[in-house]
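Here's the letter readout for the chains.
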Amino acid sequence: MRKRTGRTAALSVLGAGAGLLALTLCAPLAHADALQVLHWWTSASERKAANVLAARLATENIDWRDAAIPGGAGIGAVKVLKSRVLAGNSPEVMQLVGYSLAEWSDLGLLLQLDGVAASGNWSRLLHPTAYSLVQNHGHVMAVPLGIHRINNLYYNRRLFARFGLTPSATWAEFERAAEKLRLAGITALAQSSEPWQVATLFETLVLAEAGPAFYRELFVRKNLEAYADPRLLHALKRLKTLRRWMPTPLRERPWTDAARQLADGDAAMFIMGDWAKGELNAWGLVTDEAFGCVAVPETAQYHLFSIDTLAMFSASYSHQAAQEKLAEVVISAPLQADYNRIKGSIPVLRGADTGKMDSCARNSVQVFARGAAAQAPSLVHRMASDESTKDAIVAEVSRYFNDEQVSAADAQRRLATIVRATSEQGKPP
Ligand code: BGC
């Protein structure tokens, strides 16, 4: 556990007024306010989902001032945030997720949302994983939006029908289908060589190879013995084997371009988080009609998750009422349903209505509900580790993937070295 800063301690004293505050939460704001929101939702579906939030806020007299920074997985947005905060110009709201939320909150820069969470009964209504993720040292520091599942495989139904293929439950079946497609001149698996996309595929392969318990040893506990385990070597080898079925040359492209390949029938399959499903839907492709969505081979029982959350910068506290209102409305059931349907994710509320969900979302709900034994927190999407360890692992995996000269054994050794070095840094002298 990290130590509490003076600022968070002071805020918790102020938290004694939370009951009073809760009384003011239900009515629209008496005075119009505006919140600048820094995020990385720039694709068609991401924009549409953000617009749902903005439209709902407008009914509360609050103007959503959009500050979107392009770049999948927030690589650019997190850098912009750092320089803005250093320049004393923090946004009012930021898409801050997982470990980065704890890092920023330890600096004492974020608004505590304990009052909103208490009056909204978040501890009872939210999935326990989502609720614990937004807490730091016992205080609620962000509002969760939706739960993404990352271990999804999408397939183009027209191509599958043409070649008499069915979705693969095992890697052996996958290889047979992919080889058939390759021999017919079809790219079996869409992929970009962008580092975070390669590493997102890699973490999925680790889960397939060894399941959530080993996954946590590797990426959450950073157990050095796990880094010497043959299962890690196998996952690395599979990552390189999969290149055989990817486009050549393999280019560094946004994830939306790889999704477009699948949509256009230029590739038969695509492995990516379910924001890609939201995107295909936004382009007019209906789940189970134009494309199918199943778990990545050998991961059907698991849920590799990433939970998007919004945190509020406290700065002068002059926007506190509007920031709290945003946190309040995000958790309402209708908004959760609308936003997550467009975004491709599932609601953070337990027992959400699955009636209007597609098969992909329903499956995500069922598997996530099995709890911690089925859930694996995404490394690449900041659920498992601090930002610098995550960045170092992503860079190493991508180097291995893109360089013929680097063997799986070399990569395994280098990953262990990274983890040893980053763990040493955290130790007291
Ligand atoms: C975020 C998603 C986003 C995706 C692609 C992930 O890290 O959780 O909300 O759609 O990156 O940018």
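Below: a short report on this structure. It should be emphasised that the depicted structure is a prediction, and the values quoted were computed from it without experimental measurement.

### Focus on the overall build of the chain
A tally of regular secondary structure across the chain gives 20 helices and twelve strands. Taken over the C-alpha trace, the chain has a radius of gyration of 22 Å; the compact-globule value for 429 residues is 22 Å, and the two agree within 12%. Here the C-alpha coordinates of the chain stretch approximately 65 × 55 × 40 Å along the principal axes. Considering only intrachain contacts with a sequence separation of at least 6, the fraction spanning at least 24 residues in the chain is 80%.

### Quick look at the nonpolar core
Phe202, Phe219 and Met269 are the most contacted members of the largest nonpolar core, which has 77 residues in total. The element that contributes the greatest number of residues to this core is helix α11 (residues 195–219), accounting for 13 residues. Apart from the residues within four sequence positions on either side, phenylalanine 202 is in contact with Phe219, Leu232, Ala235, Leu236, Leu239, Val397 and Leu415.

### Some remarks on the side chain of glutamine 261
In this fold, glutamine 261 is placed in helix α14 (residues 255–263). Taking the relative accessible area as the measure of exposure, glutamine 261 reaches 13% and is therefore buried. Of note is the side chain of glutamine 261, whose polar atom sits 3.4 Å from the side chain of arginine 253. Discounting chain neighbours no more than four positions away, the residues touching glutamine 261 are Ala190, Gln191, Pro247, Arg253, Asp266 and Ala267.

### What about the site of the ligand?
Surveying the vicinity of the ligand reveals 13 residues, the closest of which are Trp41, Glu46, Asp308, Lys343 and His381. Between an oxygen atom of the ligand and a side-chain N or O atom of glutamate 46, the distance comes to 2.5 Å. About the coverage of the ligand: the protein hides 99% of its 310 Å² of free accessible area. Grouping the amino acids of the shell around the ligand by side-chain chemistry returns five nonpolar, five polar and three charged. Among the domains, domain 1 (6–147 + 307–368) and domain 2 (152–303 + 379–425) are the pair contributing at least three residues each to the shell around the ligand.

### Describing helix α10 (residues 171–183)
End to end, α10 covers 18 Å across 13 residues, agreeing with the expected 18 Å (1.5 Å per residue, within 8%). For α10, the set of buried residues is Trp171, Phe174, Ala177, Ala178 and Leu181. The buried residues of α10 all sit within an arc of 125° when viewed along its axis, so they share a single face. Exposed and facing more than 90 degrees away from the buried side of α10 are Arg176 and Leu183. The inward-facing, buried residues of α10 abut β7 (152–156), β8 (187–190), α11, α13 (230–241) and β9 (267–271). Immediately beyond the C-terminal end of α10, within one or two residues, lies glycine 185, with a positive phi of roughly 80°.

### Some thoughts on the packing of aromatic side chains
For the coordinates displayed, the defined rule picks out eleven aromatic pairs. Taking the centre distance of 6.5 Å and the plane angle of 45° together, the rings of tryptophan 196 and tryptophan 275 count as tilted. Residue tryptophan 196 is located in helix α11, and its partner tryptophan 275 is located in helix α15 (residues 275–282); the two are separated by 79 residues in the primary sequence. Here the two residues tryptophan 196 and tryptophan 275 agree in accessibility, since each one is buried. One aromatic cluster is present, built from ring pairs that chain together Tyr154, Phe270 and Phe291. Sitting over the face of the ring of phenylalanine 401, arginine 243 holds its NZ or CZ atom 4.7 Å from the ring centroid. A cation sits over an aromatic face here: arginine 260 above tryptophan 283, 3.8 Å from the ring centre.

### Description of unusual backbone geometry
For the bond from threonine 248 to proline 249, the omega torsion is -10°, close enough to zero to count as cis. Although it is not a glycine, alanine 73 sits at a positive phi angle of roughly 60°. Tracing the backbone shows alanine 73 in the loop between β2 (62–68) and α4 (75–86). The phi angle at histidine 137 is positive, at roughly 50°, despite the residue not being glycine. Considering the arrangement of structural elements, one finds histidine 137 in the loop between β4 (135–136) and β5 (139–140). Given the relative accessible area of 17%, histidine 137 is considered buried.

Reading the values: rules and limits
Residues numbered from 1 in each chain as written. Predicted model: local features only at pLDDT ≥ 70, side-chain atom pairs only at ≥ 80, totals over all residues. Heavy atoms only, no water. Helix = DSSP H or I, 4+ residues; strand = E, 2+ residues; numbered from the N terminus. Rg over C-alpha atoms; globule rule 2.2 N^0.38 Å. Contact = heavy atoms within 4.5 Å. Core = buried A, V, L, I, M, F, W, Y, C linked by side-chain atoms within 4.5 Å. Buried < 20%, exposed > 50% of the residue type's maximum accessible area, 1.4 Å probe, protein only. Polar contact = N/O pair within 3.5 Å; in protein donor to acceptor, adjacent residues only side chain to side chain. Near = heavy atom within 4 Å. Areas by Shrake-Rupley, 256 points an atom, 1.4 Å probe, with all protein chains shown as cover. Nonpolar A, V, L, I, M, F, W, Y, C, P; charged D, E, K, R; others polar. Domains from an automatic or database assignment. Expected span 1.5 Å × (residues − 1). Arc of directions from axis to C-beta. Phe/Tyr/Trp six-rings, centres within 6.5 Å; stacked < 30°, edge-to-face > 60°. Lys NZ or Arg CZ within 6 Å of the ring centre and 35° of its normal.

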